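Single-letter residue listing:
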Amino acid sequence: MPVYGISPAFLRKSEKRWRQFVPGAEVPVIVPKFVLDVFNNLAAARGLPQLGERALWGFPMELVIETAARGAPERKKYDQPARVFGFSAELPLTGLIVPSDFITRFAAAHAGDPNAIRPGFSYAQLVITVKDVKDLPDISKKIQALGLRVESQQDIASKTNKALAVIDGSSLVIMGIFLFLTVIAIFNSYLTIVYNRSYTFSLQRVIGVSKARIILTFVFEAAVIGALFGLVGYYMGVMAIGYLKHNMPHWVPVLKGLALGREPGVLPMAVGLSALLSSVSAFIPAVFASNMSLFKAVQK
Amino acid sequence: MGVSKDQLSEPGPVLLSVEEVSASFGKRTILDDVSFTVEPSSIVAITGRSGAGKTTLLGIISGLMKPDSGRVVYRGQNILRWGDFRRSRFRNREIGFVFQFFNLLPDMTSYQNIIYPAIISPASRSLREKVEYLVSYLGLEKILHQYPATLSGGERQRVAIARAIINSPRIILADEPTGNLDERSAGDIITLFKTLRDENGMAIIIATHDSRTVAGADIHLNIDNARLQRIEPPERRKKPRRPR
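Keep in mind the model is a prediction, meaning the values are calculated, not measured.

Thresholds, definitions, all that
Residues numbered from 1 in each chain as written. Chains lettered and ligands numbered in written order. Predicted model: local features only at pLDDT ≥ 70, side-chain atom pairs only at ≥ 80, totals over all residues. Heavy atoms only, no water. Helix = DSSP H or I, 4+ residues; strand = E, 2+ residues; numbered from the N terminus. Buried < 20%, exposed > 50% of the residue type's maximum accessible area, 1.4 Å probe, protein only. Contact = heavy atoms within 4.5 Å. Pairing = 2+ DSSP bridges. Axes fitted to C-alpha atoms, helices over the stretch in contact; angles between N-to-C directions. 1 Å grid on protein atoms, 1.4 Å probe; cavity = no way out; pocket = protein on both sides within 12 Å on 5 of 7 lines; lining within 4 Å. Points joined across faces, edges and corners; volume = space filled by probe spheres on them. Nonpolar A, V, L, I, M, F, W, Y, C, P; charged D, E, K, R; others polar. Parallel < 35°, antiparallel > 145°, perpendicular 65-115°, else oblique. Left-handed = near helix turned anticlockwise from the far one by under 90°.

S.K.: Quick one: what's the story with the overall build of chain B, residue by residue and with numbers?
M.R.: Helices and strands together make up the secondary structure of chain B, namely eight helices and 10 strands. Counting only residues that meet the buried cut, chain B has 55% of its 244 residues in that class. The long-range fraction of contacts in chain B, counting pairs at least 24 apart against all pairs at least 6 apart in sequence, stands at 71%.

Structural data, given as structure tokens:
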């Protein structure tokens, strides 16, 4: 996990111990809420307990920092005692935040970088909070004019959402194609059933079963079959995802459909949709069944 | 021998009348301006070569097929004007079908086959009594719980007749009912039809090639070149005098 050094002046409402870091003492750490959310999502996916801010507050840890001179293959490890003293919702960083003083002094002491100790050392990332989102384009233009690259939280969220939307959309299209092929397959199966049972349907017509009743009966039977297979399919899907989660602990479902799992309403929706698809596929074969060549069929 | 429409109609109460019915398959005319009437308590035999239109005529009478033109009037109403639901109910309650190949459902026992039309009709009451009466009437006690595959031809046809009359219809339409039976079984079926005519007042319309069935009928109609002709029974025909 990366460690970001940030000047205490950039963080509001931070803990006194964080703001008044004394070199050589325990390193105060701020955990971005984004990191906490990512951790909790992974924990949920693996069935581990989730961590709250209260539980982490004051949590002792050791920062293991590796250093190496430029071009040198050897690396040295340094253990640095640290403790969590805050959380930040303002910084969408993917690692832990420590005082920039600690980083610069550590670099000067262990990595042999004389520039590190110099005041005003260049920052890798500048975080700016904008009060009114409408001002964002103007502010971005001004910062870009200084030769800096601008990436807002909105941009990151929008890019992520777009990527997820593309994945979801593609999977939806693929599922749609499979659904269409399934409907055709079911339609063919029912058509075969109708021709196999043509004798029965013809006889039913002869002894007084109306066309509407034959259609309704056939469609109803198809709906029941569809519902049953929907139920079986749902539990098979849940079992398959459960098996994969168990055997692939690093896998986190990204597709919405896979994450639906055991949410309330999914089972009735799966059963209902399956029954509906089966009924729709059975309708035209049912109409064929009701229009069987009556006397010709019973003369066979 | 062609006859006029008036000659084909019998005096007395009319149960069913077929009026100026014409039917064709593509360019081929099957029935051309066919008319006749059927009374209660009568047996009508319809003969004709294979493909002459006998089965088509039965299909039209039952409302299963629609002719190109004409009317089928049952107790004063043209059944061809009814919707499918009403015609289906008419077939279920007023008509019984008997076929050459019996057409029993193979995965049902004799009992289940017999009660099948009664289950469809919500008006059927006292089903148990009806079945018991029919079973005794047709002598089906020993084969009631057997499947059709284990029955002889005559037994199958008796089960089919029981199924045809379970809803106490006024008309029985029989398509070659003795065509697949030995002589003795065929004789039994003809006797049974006569009993149903005499005791239950049913009208029985039989499409047949069998001369014995024709001999037992009250009216003999023949389809030839799509036209319907009435054939007088031999005993009604005037015997030609021998020249002395």
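There's more to say after this.
S.K.: Requested: an account of the sheet that holds strand β6 (residues 95-99) of chain B, with residues and values cited.
M.R.: All names here are of chain B. What the six strands build is an open sheet, ordered β6-β7-β8-β3-β9-β10; its pairing is mixed. The open sheet has two free edges, formed respectively by β6 and β10 (227-231), since each of these has just one partner strand. Across this sheet, the average inter-strand angle for adjacent strands is 20°, counted without regard to direction. The pairing of strand β7 (residues 171-175) with strand β8 (residues 203-207) spans five bridges and is classified as parallel.

S.K.: Please set out empty space enclosed by the protein residue by residue, giving values where relevant.
M.R.: In this structure the tally under the stated criterion is one cavity of 30 Å³ or more. There is about 100 Å³ of room inside the largest cavity. Lining the largest cavity are 13 residues, with A:Ile207, B:Ile95, B:Pro117, B:Arg163 and B:Ala164 positioned closest to its centre. With four residues, β6(B) is the largest single contributor of residues to the lining of the largest cavity. Its residues placed into classes, the lining of the largest cavity shows eight nonpolar, three polar and two charged.

S.K.: Break down the packing of helix α4 (residues 110-120) of chain B against helix α6 (residues 153-165) of chain B for me, citing the residues and quoting the values.
M.R.: Residue and element names in this part refer to chain B. Where α4 meets α6, the closest approach of the two axes is 7 Å, and the angle between their N-to-C directions is 30°. Classed by the angle they form, the pair α4 and α6 counts as roughly parallel. Relative to α6, the crossing made by α4 is right-handed. The segment α4 lies against α6, with Ser110, Asn113, Ile114 and Pro117 engaging Val159, Ala162 and Arg163. Classifying every residue of the contact of α4 with α6 by side-chain character gives four nonpolar, two polar and one charged.

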